[in-house]
Amino acid sequence: MPDTIQDTNLPYAIRAYSPERLREALKKMYLVRKFEEGAEDSYMRGLIHGTMHLSIGQEASSIGSTMALTDEDKITSTHRGHGHCVGKGADLSKMFAEFFGKESGYCRGRGGSMHIADPSKGNLGANGIVGGGLPIAVGAALSAKRLGTGAVTVCFFGDGANNEGAFHEALNMAAVWKLPVVFVCENNKYGMSTSTERSTAVKNIAERAAAYNMPGVTVDGNDFSAVTEAVDAAVERARNGEGPSLVENLTYRWRGHSKSDRNRYRTKEEINEWMGRDPIPAMAKLLMDHQIVTEDDVAAIEAEANQIIADAIEFATQGEDPKMDEVTRDVYTPESAA
Amino acid sequence: MPVEVIMPKVDMDMASGKVMSWHIEIGQSVEKGEPLFDIETDKAAMEVEAPATGILHHAAPEGAEIPIGKAVAWLYAEGEEVGEQPAPFAAVGGDAAPAPEPAEALSDDSAPEPGSEPEPRPEPEPELAYAGDAEGIRATPAARRLAREEGVALAELPGTGPRGRVQAFDVREYLKGLATPSAPATFRPETGPLHISRSKGGTGTPVVMIHGFASDATSWAPIESAIKHRPLIRIDLPGHGKSPKLRIRDFAALVKEVRAAFDGLQLDQAHLVGHSLGGAVALALADTRERKVSSLSLIAPAGLGPQVNGEALNGICKATRAESLGPWLRSLVADESLITDGYARLAMQARSDANLRAAQLAMADALFPDGVQAFDLRAALGRIEVPARILWGKSDAILPWSHALQAPGRVALHLFDGVGHMPQLEVAGEVGKILRAQL
Amino acid sequence: MNAHSKPDLRELSYAEAIREAMDIALTNDPSVILMGEDIGVYGGAFQVTGDLVDKHGTDRVMDTPISELGGAGVAVGAALTGLKPIFEFQFSDFAALAMEQIVNQAAKVRYMLGGSVSVPLVMRFPAGSGTGAAAQHSQSIEAWLGHVPGLKVVQPSTPEDAKGLLLAALEDPDPVMIFEHKILYKMKGHVPEGHYTTPIGKAAIRRDGKDVSIVATSLMVHKAMQAAEQLEADGIDAEVIDLRTVRPMDRDTVLSSVRKTGRMICVYEGVKTLGVGAEISAMVAESDAFDYLDAPIIRLGGAECPIPYNPELEKAAVPQMPDILAAARDVVKGRV
């Protein structure tokens, strides 16, 4: 864990990360936000084909949870995974190209919004199946342990997945085998329309950790520093061979579940309240309070993010469409193609 | 620059939406994120928030249907000059609208799109040239393949498979039979009425058709479509087609059998068409049943002179396989390419019954002894008064076309250059037209 | 087949052949691990892994909790990140618990990610009826998985192929599902020493014949061979094809056999409707081999019911040798 300043009165993130890393984190949060706003705009203009699941409002969780990871470390992601991609260093242009269904996209137009991934950066993929990535993350951690790579896997999942059998099977096996995996639950209060109160027997999902004999903590998922503090500790524990942990980031998605959501299950007041707790200005304020950036720096970072997104959309628009006669390409690995 | 307010896509399959109501009046201001207008799609209604803070202008009328991604209004900043509407509202089905529904495009009564090629009507499937693949015959794929390759008509084959299904075995046995015919059986005479087949449909005076020697009713197929407006009645000569193999001792006996069949039809009136030997029979029939005959059309008729190509008749009768039949069949036509190997195989198949061949050989011997026509109908041609015409190919190698020149002046002559003994096959279109004009 | 192998040829049982393949793989390739329920000291429900844990240790011969979904997912994740897991289901029926990971993840990851990853995963499924274990421990579900692009599905019928196909599966970069018939585990036959592979996607002609092609899978290959011997006495010369791979299916071998014989019987243990035989039949019907058929195709598949417990009922629910005999006689003698 990067660490420089020892003053324990300072927030964790300020102590743990260099100004460069923190500025980069703020930029990534902007990139996630702008990427999703750009995607939403493209969708509304009919330029994008499928639906999408936006994580606007959850940027502190996705970027904060990936701060301690190297390219060797792995993540598994969810259907609401754009932020995780950016956190793991994905190229925004290739993300947008994938959104536009282009051959130049991360999945060469085969995956779309729900499967953007960059295995070369340790991102094993977003998943369209709720809970689909949980056992896979455990498998990646098993590989790291057997092969002695020292890599840690961060497994993102939502509150909905905590009621899938795969969640329980995965946590149990990770604990039994003491594997280097961190389960990060992004609890945004609703599995589609069903609230955690109506679906989950425990108050905090982190309490489930007790059943699998691993630490479980619940933090404010919109507080970048709180997220990094909890996840970084879990990553370190995993790296030290002490086994898995569960971190629950309490957060909120401003948008509906997907583009078909009409927001009938939550009130305008609730949405407004959470929009008032926007993690990005909070992060900017944290950095300004500690003289890491000025207000002008923040504006410049936002402008830079806007430019990257505009360039990415331009790149995506120019991309080649996949060839229709290659629809079955990539089903099998070529030398063994069926 | 004013901010464009667009019709958002809110459903995966949404192409356009309707502006139901505006939450503010034109000229009023709205904060970004406040509800600005309601839309309705096929599925549901929903509220759309303002994309920016500003003053509403150029709002689409309530009820307007706007394609997704197209402007429904513009938001102007405080103090910004409001001029002309920056762009007209896009219409659903306008420039960018998708092509008309296929159902409309295909509907018969809709006018074709300007500049678009009219959809060519599909050509009707030509009828299959041979009956081998006729529908309704139970045969295995392998049997069908073999039959197709060998030019065998499945309909003619007995099927030994379950419920009479023709199997590859049956085709092979049949082909074996063609290759090694049983020794020419002594002719076993049969008895019974002549076989008659009728076309479907047609009105008015029927047409009675009598085929030539060594042929059968299928020889009329090429011209039937031209005259199918009349009921067509085909008589198979004795020992031909599906008629019984009667013993025919002379021409009179032949005419007697055909006349019995004709009388059996109990027609008030009929047009008679005959080819070659059938022409002679038709002429003889007309001579004795003149009141019932509306017209007489003779195609390369026999009976108008002594000469006949006896060698060809004999060769046809004796051939037991397609390879030996083919050359004789080719002598029937001027353009030999009309007689393909497949045609010869089909013809041979129709002659696969040794008893049929023996019956025809016996008849040839009775009617054309020593290669001479042993009957003479020139007097009959002089007698009949029904409208009559003779059609003949000037390259006929079986019966000399010059026999036609003996016809009296009231008989019309149609003589074709470069046509052999089978005008109804060789120039079917011409023959069809001539016949149709008379029917 | 090897029932009458020469005495100097080494014989192993089908289970021993699989174990030998896994032993070779564990020895030669440190990235290979075995995962499954009770495959360690217990030796596997059918004693296929046997004492491999003693030789290779619990880290490489891993007992999993009774968590088929999670276990399968761990295997997928491990395969994505450098290991080559061989995952044993205790019974193929339990794959139903893991279909999410097999079908939605293992089969699709490569495609969804535009070809940037492969999933070198092997799964073994003890399958089939005949053990009196009834409906939830006796199914033949190879057609379920054969329906999924991205998977390869094999069904070895001999000890030699059981070893060769498993070693081939380990060399294959994509997920390979191996359906092993439980009744075959004790069957002995010649098995070559050392490392060799049997090609995936290639059928084997077990017996040449000219009158009818019997295309069979797994245990049914043996029943078809018995039937073929008896048919010889009737003067019927049956060709027996061991399909070996359900996906990708060996078109060429099946079609050229049908072109030769003009008749085909498919024999498979899975439920007849929408099963492996339906695909084999369709393959013929859609090809030029159709024109060589001289009788309708016959499918002999499992009955339209779960596998019953009563031993006679159990036999009645899957094709038996006399069924093949009767079908061959009917189809050759033109009774169908």
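Please refer to the structure higher up on the page.
Within each chain, residue numbers correspond to sequence positions counted from 1 in written order. Throughout, the order in which chains and ligands are written sets their labels, letters from A for the former and numbers from 1 for the latter. Local features are withheld for residues below a pLDDT of 70 in this predicted model, meaning they are given only at 70 or higher, and side-chain atom pairs are given and counted only at 80 or more; totals for whole chains, interfaces and linings count all residues. Calculation of side-chain values draws on the structure's entire complement of heavy atoms; hydrogens and water are dropped beforehand.

Quick word on the packing of aromatic side chains
Residue and element names in this part refer to chain B.
Working step 1: Pairing of aromatic side chains here covers Phe, Tyr and the six-membered ring of Trp, requires ring centres within 6.5 Å, and sorts the geometry by plane angle: under 30 degrees stacked, over 60 edge-to-face, intermediate tilted. Tallying each qualifying case throughout the model produces 19 aromatic pairs over all chains.
Working step 2: Between Trp-74 and Phe-89 the ring centres are 6.2 Å apart and the planes differ by 35°, which places this aromatic pair in the tilted class. One end of the pair, Trp-74, is in strand β8 (residues 71-76); the other, Phe-89, is in the loop between β8 and α1 (102-106), and 15 residues separate them in sequence.
Working step 3: For each residue, the accessible area found with a 1.4 Å probe, counting protein chains only, is set against the maximum for its type, and the residue is called buried under 20%, exposed over 50%, and partly exposed in between. What makes Phe-89 partly exposed here is its relative accessible area of 26%. Helix and strand assignments come from DSSP, with helices taken as H or I runs of at least 4 residues and strands as E runs of at least 2, each series counted from the N terminus.

Description of the interface of chain C and chain A
Working step 1: Residue contacts are defined here by distance: any two heavy atoms, one from each residue, within 4.5 Å place the two residues in contact. Across the contact, 44 residues belong to chain C and 37 residues belong to chain A.
Working step 2: Buried area is understood as the total, over both parts, of accessible area removed when two parts are fitted together, assessed with a 1.4 Å probe. Together chain C and chain A conceal approximately 3,200 Å² of surface at their shared face, both sides included; 66% is due to carbon and sulfur atoms.
Working step 3: Whenever a carboxyl oxygen of Asp or Glu lies within 4 Å of a side-chain nitrogen of Lys or Arg, that contact is scored as a salt bridge. At the surface where chain C touches chain A, the tally comes to 2 salt bridges.
Working step 4: One salt bridge in this structure joins A:Arg146 and C:Asp59, with 3.8 Å as the shortest N-O distance.
Working step 5: We call two N or O atoms a polar contact when they sit within 3.5 Å, provided that within protein one can donate a hydrogen and the other can accept it, with sequence-adjacent residues counted only if both atoms are side-chain atoms. If you look at where chain C meets chain A, you find 16 residue pairs in polar contact (both at pLDDT 80 or more).
Working step 6: Those elements that provide at least two residues to the side of chain C that touches chain A are β2 (32-36), β3 (61-63), α3 (68-80), α4 (95-106) and α5 (109-112) of chain C.

Observations regarding helix α13 (residues 428-438) of chain B
All names here are of chain B.
Working step 1: Within α13 the residues assigned to the buried category are Ala-428, Val-431, Gly-432, Ile-434, Leu-435 and Gln-438. Projected down its long axis, α13 shows its buried positions confined to an angular sector of 165°, all on one face. Residues of α13 that are exposed and point more than 90 degrees away from the buried face comprise Lys-433 and Ala-437.
Working step 2: If you follow the buried residues of α13, they end up packed against α4 (221-224), β12 (270-275), β13 (293-299), β14 (388-393), β15 (412-416) and α12 (423-426). Directions from the helix axis toward the C-beta atoms define the arc.

Some thoughts on empty space enclosed by the protein
Working step 1: Only protein atoms enter the 1 Å grid used here. Points where a 1.4 Å probe fits but cannot escape make up a cavity, open sets with protein on both sides within 12 Å along at least five of seven lines make up a pocket, and a residue lines them when an atom lies within 4 Å of a point. Grid points are joined across faces, edges and corners, and a volume is the space filled by probe spheres set on the points. Taken as a whole and assessed by the stated rule, the structure comprises 2 cavities of 30 Å³ or more.
Working step 2: Of the voids in this model, the largest cavity is the one considered here, and its volume is about 100 Å³.
Working step 3: Considering the residues around the largest cavity, the lining is formed by 13 residues, among which A:Leu124, A:Gly125, A:Ala126, A:Asn127 and C:Gln105 are closest to the centre.
Working step 4: Put simply, the parts of the chain that give the lining of the largest cavity at least two residues each are α6 (133-147) of chain A together with α5 of chain C.

Brief notes about the sheet that holds strand β1 (residues 74-76) of chain A
Residue and element names in this part refer to chain A.
Working step 1: Two strands form a pair only when DSSP identifies at least two bridges running between them. With respect to topology, 5 strands assemble into an open sheet ordered β1-β2-β3-β7-β6, the strand pairing being parallel. Here the strands that pair on one side only, and so sit at the sheet edges, are β1 and β6 (216-220). Strand-to-strand twist of the sheet, defined as the mean angle between neighbouring strand axes without regard to direction, takes the value 20°.
Working step 2: Of the strand pairs in this sheet, β6 and strand β7 (residues 245-250) are connected by 5 bridges, and their pairing is parallel. Paired with Thr-218 across the two strands is Glu-248, which belongs to β7.
Working step 3: On top of the sheet, α6 reaches β1, β2 (153-158) and β3 (181-187); it is set at about 175° to β2, its chief contact. Working convention: axes come from line fits to C-alpha atoms, limited for helices to the stretch in contact. Angles between N-to-C directions cover 0 to 180 degrees.

Re the pairing of strand β2 (residues 16-22) of chain B
Working step 1: In the sheet, β2(B) pairs with strand β7 (residues 65-67) of chain B via 3 bridges, with the strands oriented antiparallel. Among the inter-strand pairings, B:Lys18 is bridged to a residue of β7(B), identified as B:Glu65.

A word on the sheet that holds β8(B)
All names here are of chain B.
Working step 1: Spatially, 4 strands are ordered β1-β8-β6-β3 in an open sheet, and the strand pairing comes out antiparallel. The open sheet has two edge strands with one neighbour each: β1 (3-6) and β3 (29-30).
Working step 2: When β3 meets strand β6 (residues 54-57), the two strands line up antiparallel, connected through 2 bridges. Across the sheet, residue Ser-29 finds its bridge partner in β6, namely Ile-55.

Structural notes on unusual backbone geometry
Working step 1: In this chain, C:Arg247 is followed by C:Pro248 through a cis amide linkage whose omega measures 0°.
Working step 2: Topologically, C:Pro248 is positioned in the loop between β12 (245-247) and α9 (251-261).
Working step 3: Of note in this structure, A:Gln291 is not a glycine but carries a positive phi near 55°.
Working step 4: Positionally, A:Gln291 belongs in the loop between α11 (279-289) and α12 (295-318).
Working step 5: A positive phi angle is found at C:Ser218, which is not glycine, with a value near 50°.

A few points about the pattern of salt bridges
Working step 1: For the coordinates displayed, the defined rule picks out 53 salt bridges over all chains.
Working step 2: The closest approach of N and O atoms between C:Arg10 and C:Glu20, which form a salt bridge, is 2.8 Å. In this pair, C:Arg10 sits in the segment before β1 (11-13) while C:Glu20 sits in helix α1 (residues 14-28), placing the two residues 10 residues apart along the sequence.
Working step 3: Each of A:Glu103, A:Arg108, A:Arg110, A:Glu326, A:Arg329, A:Asp330 and C:Arg110 takes part in one network of salt bridges that share partners.

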